[in-house]
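# Summary of the model geometry
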Amino acid sequence: MDLRLDALSVVVNGRTLLRSLSLDVPGGRIVGLVGPNGSGKSTALRCVYRALRPTTGTVWIGGDDLATLTLRQGARTVAALAQENQTDLDFTVAEVVALGRTPHLRGNRPLSPGERDRCRRVMEQVDVLHLADRGVLALSGGERQRVLVARALVQEPSVLVLDEPTNHLDVRHQIELLSLLRRTGLTVLIVLHDLNLAAALCDLLGVLHDGSLTAYGTPREVLTTDLVRRVFGVEASVVSHPLTGDPQLLYSLSPSTTTERTFS
Amino acid sequence: MRVSPADRLPADSAPPASAEPERTGQWFGSPTGLTLTVIALAVILAASVLVAIGLGPAVIPPDETARYVWAALTGGAVSADDFTTYQIIWQVRTPRVLLAVVVGAGLSVVGVAIQAMVRNALADPFVLGVSSGASVGAVTVSVFGVLTTLGVYALSAGAFLSALAACALVYLASYTRAGLTPLRLVLTGIAMAYGFQALMSVLIYLAPDGEATSTVLFWTMGSFGAAAWGSLPLVSAVVIAGVVELRRHSRSLDVMALGDETAASLGVNTAGLRGRLFVLTSVMTGAMVAVSGAIGFVGLVMPHLVRIVVGAGHARVLTVAPLAGGVFMVWVDLVSRTLLAPRELPLGVITALVGVPVFITLMRRRGYLFGGR
């Protein structure tokens, strides 16, 4: 299912967080949003998973204006992994995953056997099945993140929105999670900080800077030395991954390569 | 459900192929374990009620108590010799013990709801300023003699009305365009509570006699001393309706505990739900404070105790909490009126004396986690 952001603007307390953002996420594709801190990435995502109402503009899900759907209807199509994920209550892993069925269930109706089966399959997929009866508060950051991914997948969405899902994950789990996203075949809008992971994962990349989209295209088109310097203020060399051909960035620690040269 | 594996029955008849077959099927809690817990608690509650009705300055054995209660319920005859005992049992102790059940159940359930609503482990039914608001009303009634047309219910009515007024104030003061946010709600409630307490102090200071002081003690520490049949129906109806309504929202409460952002992505409108919960818990708390004063600690601790036993899921917590709270309050009231008889200890003293050590012991022993520590 296509996801389309159409001229989204968000103004909160007089501050413009998002300036007329338009972005097409074609069905089944993975689109990454990158940009420095405070550039509006999370704000854009929050409009899609309904935590925030855009000041102007429209989010289109397939042919539907998201604002015309109820929260429940929206949640049956769009699942999210938000950044704020603290809970004080020690639910078991299985309970948290099962809550992903909430938009599909009326009131307190228990899960059907088929739904429980789905929970079990998804938990196996993201490697948290062995934690099913553990309390979520005792999990490591990585385990917890995978549990939340399981919850989002159990929701059976057509569109998946993820805000830095690789936070707290070690390299292996980062790679596994992102390859899992590829395999799901869902329409994915994902915020990533790691530009190299983004380049390897995403079909298309959008670069946000001060609430505006400054570049949009394939990773190869978007990730240039010039753009990285302009948007992130960092010097980087762009190379091709020897196996996959994806663009990958090599950073140098000093502010610019020229100063480094003067020192050496 | 945090019960030992032996207590559980597999939820599915066909165990899936898995590396740990003995663990599968235990997810999503076991209905059997919950049913057993509920049955056990119901039996304990019934027994506690009978024992508590029998105990007091005149000790009546449980079987005789049961006979008197049965006679009262079925309209059976009681001999003239037994009439005084019957009066004590039916007119004095029974309403008092039943009130303890209702208020204990109600406070526990409201505690569960409020902790989920403001997402704070330290919240209790009185954190939103309801009890101090009620105290202002009660003191106003007793000092200035307003609402006298309501007779013996003047105090309760004054307390209830001012509790609701206090809630409305807190609601309006904490309401923003984003709805009711948890932290703002708690902070406003606490600040308002200080304000109400100051107001109450002024009223007592202005009071012509010491009457107001004892009223204040009653409201701040709680007592079932004023219990009568007349005070039961309203508070019972409110508490029962409240428990039923809250249970209907148990999945939403689970989702709300995950945070507002996540809740939105799961299709739950937390702003609307929080507003409805606020009204519901306020009315429940107001009705209870009006008949028993502000009995502290129960609404804070019973939710935690219940979670230690049955886990965090609200469907289970809200099923077990009313029973557990009822049992607890019956015994607290019994201790309060028998320990130093004929004097009565304030309920708040007993709830703290009994509850604190039990709570801390349980928390240390079971590795209970709240907020990840």
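Let us look at the structure shown here. The structure presented is a predicted model; accordingly, all values stated were derived computationally and were not measured.

Our next topic: a nonpolar patch on the surface. On the surface, a cluster of nonpolar side chains totalling about 380 Å² of accessible area is made up of Val202, Tyr205 and Leu206 of chain B. As for its placement among the helices and strands, Tyr205 of chain B is situated in helix H6 (residues 182-206).

This part is about the nonpolar core. What tends to happen in soluble globular proteins is that the nonpolar side chains get buried as a cluster. Counting residues in each nonpolar core, the largest one holds 152 residues, and the members touching the most others are Leu160 and Ile190 of chain A. When residues in this core are grouped by element, the largest group, 17 residues, is from helix H3 (residues 83-117) of chain B. Look past the residues within four positions of Ile190 of chain A in its chain and what remains in contact with it is Ile30, Val31, Gly32, Leu33, Leu162, Pro165, Leu178, Leu181, Leu201 and Cys202 of chain A. Counting residues in hydrophobic clusters, the runner-up holds 29 residues, among them Val59, Leu66, Val78 and Leu189 of chain A.

All right, on to the side chain of Gln174 of chain A then. Relative to the helices and strands, Gln174 of chain A resides in helix H6 (residues 171-184). The residues contacting Gln174 of chain A, other than those within four sequence positions of it, are Thr166, Leu169 and Leu197 of chain A.

Residue and element names in this part refer to chain A. Sheet architecture is open: six strands sit in the order S6-S7-S8-S3-S9-S10, paired in mixed fashion. At either end of the open sheet lies a strand with only one pairing partner, and these are strand S6 (78-81) and strand S10 (212-217). In this sheet, neighbouring strand axes are inclined to one another by 15° on average, regardless of whether the strands run parallel or antiparallel. Across four bridges, S6 lies against strand S7 (residues 159-163) in parallel orientation. Its bridge partner being in S7, Ala79 is matched across the sheet by Leu160. Most of the contacts of helix H9 (residues 225-232) go to strand S9 (residues 204-209), to which it runs at about 35°, and overall it touches strand S3 (30-34), S9 and S10.

Looking now at the pairing of strand S12 (residues 247-251) of chain A. With five bridges connecting them, strand S11 (residues 236-240) of chain A and S12 of chain A associate as antiparallel partners. When the bridges of S12 of chain A are listed, Ser237 of chain A appears paired with Leu250 of chain A.

Before going further, it helps to examine the packing of helix H4 (residues 130-144) of chain B against helix H5 (residues 154-174) of chain B. Residues and elements named next belong to chain B. Interaxial distance between H4 and H5 falls to 7 Å at its minimum, and their mutual angle equals 140°. Looking at the two axes, H4 sits oblique to H5. In terms of crossing hand, the pair formed by H4 and H5 is right-handed. Residues Val130, Gly133, Ala134, Val136, Gly137, Ala138, Val141 and Ser142 of H4 touch H5, and the partners they reach there are Ala154, Leu155, Gly158, Ala159, Ser162, Ala163, Ala166 and Cys167. Among the residues forming the contact of H4 with H5, the class breakdown is 11 nonpolar, five polar and no charged.

Turning our attention to the sheet that holds strand S1 (residues 3-12) of chain A. Residues and elements named next belong to chain A. Read across the sheet, four strands follow the order S2-S1-S4-S5 without closing on themselves; strand pairing throughout is antiparallel. Bordering the open sheet on either side are strand S2 (15-25) and strand S5 (64-65), each of which pairs with just one other strand. Pairing between S1 and S2: seven bridges, direction antiparallel. Along S2, the bridge assignment pairs Leu8 with Leu21.

This paragraph deals with H4 of chain B. Residue and element names in this part refer to chain B. When the terminal C-alpha atoms of H4 are compared, their 21 Å separation across 15 residues agrees well with the 21 Å that a helix rising 1.5 Å per residue should span. Burial of H4 is extensive: 12 of the 15 residues sit out of reach of the surface. Taken together, the buried positions of H4 are Val130, Ser131, Ser132, Gly133, Ala134, Ser135, Val136, Gly137, Ala138, Val139, Val141 and Val143. Positive phi appears at Gly145, one or two residues downstream of H4, with a value of about 60°.

Here we take up the packing of aromatic side chains. All names here are of chain B. Tallied over the full model, the rule gives four aromatic pairs over all chains. Here Trp90 and Trp229 contribute two aromatic rings whose centre-to-centre distance is 4.9 Å and whose plane-to-plane angle is 40°, an arrangement assigned as tilted. Of this pair, Trp90 sits in helix H3 while Trp229 is found in the loop between helix H7 (211-221) and helix H8 (232-248), placing the two residues 139 residues apart along the sequence. Exposure remark for Trp90: the relative accessible area of 16% places this residue in the buried category. The exposure class assigned to Trp229 is partly exposed, which follows from its relative accessible area of 30%.

Reading the values: rules and limits
- Residues numbered from 1 in each chain as written.
- Chains lettered and ligands numbered in written order.
- Predicted model: local features only at pLDDT ≥ 70, side-chain atom pairs only at ≥ 80, totals over all residues.
- Heavy atoms only, no water.
- Patch = residues over 30% accessible without salt bridge, like charges linked within 9 Å, V, L, I, M, F, W, Y side chains within 5 Å.
- Areas by Shrake-Rupley, 256 points an atom, 1.4 Å probe, with all protein chains shown as cover.
- Salt bridge = Lys/Arg side-chain N within 4 Å of Asp/Glu carboxyl O.
- Helix = DSSP H or I, 4+ residues; strand = E, 2+ residues; numbered from the N terminus.
- Core = buried A, V, L, I, M, F, W, Y, C linked by side-chain atoms within 4.5 Å.
- Buried < 20%, exposed > 50% of the residue type's maximum accessible area, 1.4 Å probe, protein only.
- Contact = heavy atoms within 4.5 Å.
- Pairing = 2+ DSSP bridges.
- Axes fitted to C-alpha atoms, helices over the stretch in contact; angles between N-to-C directions.
- Parallel < 35°, antiparallel > 145°, perpendicular 65-115°, else oblique.
- Left-handed = near helix turned anticlockwise from the far one by under 90°.
- Nonpolar A, V, L, I, M, F, W, Y, C, P; charged D, E, K, R; others polar.
- Expected span 1.5 Å × (residues − 1).
- Phe/Tyr/Trp six-rings, centres within 6.5 Å; stacked < 30°, edge-to-face > 60°.

Function-wise, these values are silent; they only describe arrangement.
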